Amino acid sequence: MRRMGAGIAFLAVLTASASVSAAGNPSRGLELSQACQACHGPEGNLAVDENTPIIAGQHAGYLVHALQAYRSGDRQNAIMAGFASQLSDQDIRDLAAWYASQDGLTTPSLDK
């Protein structure tokens, strides 16, 4: 029984460390975000026009999916396709980690 507990603990540590490395590095994402900042702002809270989403606080998985879709052409946007085509999978995970770690996605107050 003790041996089984040690095996389960080892698997838990292994799984946790794999999740952290697969999640992306927010610090590197900040470095990579220089081009993104022109439209989305330094933390992703700027929308230069009504077609530019605020991406701060967005779920990392969604950002990864969206950037991969822009890169592959499954999602059409000439500006985003140009940027995303240059990104590796790790770059995408790092950018997603940066923007997901920012404050955002707040529900607007109903009080006016």
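Residues numbered from 1 in each chain as written. Predicted model: local features only at pLDDT ≥ 70, side-chain atom pairs only at ≥ 80, totals over all residues. Heavy atoms only, no water.

On to the confidence of the model for the protein. The predicted model of the protein has a mean per-residue pLDDT of 83, with 74% of residues at 70 or higher. No element of the protein has a lower mean pLDDT than helix α1 (residues 2-23), at 48, and none a higher one than helix α6 (residues 89-100), at 98. Scored below 50 in pLDDT, residues 9-21 makes 0 contacts in the model with residues more than four places away or belonging to other chains. (pLDDT = per-residue confidence, 0-100. Helix = DSSP H or I, 4+ residues; strand = E, 2+ residues; numbered from the N terminus. Contact = heavy atoms within 4.5 Å.)

So, about the nonpolar core. Judged by nonpolar contacts, the single largest core of 14 residues is most densely connected at L63, L67, Y70, L87, I92, L95 and Y99. Setting aside its immediate chain neighbours within four residues, L87 contacts L67, R71, I92 and L95. (Core = buried A, V, L, I, M, F, W, Y, C linked by side-chain atoms within 4.5 Å. Buried < 20%, exposed > 50% of the residue type's maximum accessible area, 1.4 Å probe, protein only.)

Glancing now at the packing of helix α4 (residues 60-72) against α6. Two numbers describe how α4 lies on α6: the axes approach to 8 Å, and their chain directions differ by 140 degrees. One finds that α4 runs oblique with respect to α6. Along this stretch, α4 crosses α6, giving a crossing that reads as right-handed. Between α4, through A60, L63, V64, L67, Q68 and R71, and α6, the contact on the second element is made entirely by D89, I92, R93, L95, A96, Y99 and A100. For the contact of α4 with α6, the class distribution of residues is 9 nonpolar, 1 polar and 3 charged. (Axes fitted to C-alpha atoms, helices over the stretch in contact; angles between N-to-C directions. Parallel < 35°, antiparallel > 145°, perpendicular 65-115°, else oblique. Left-handed = near helix turned anticlockwise from the far one by under 90°. Nonpolar A, V, L, I, M, F, W, Y, C, P; charged D, E, K, R; others polar.)

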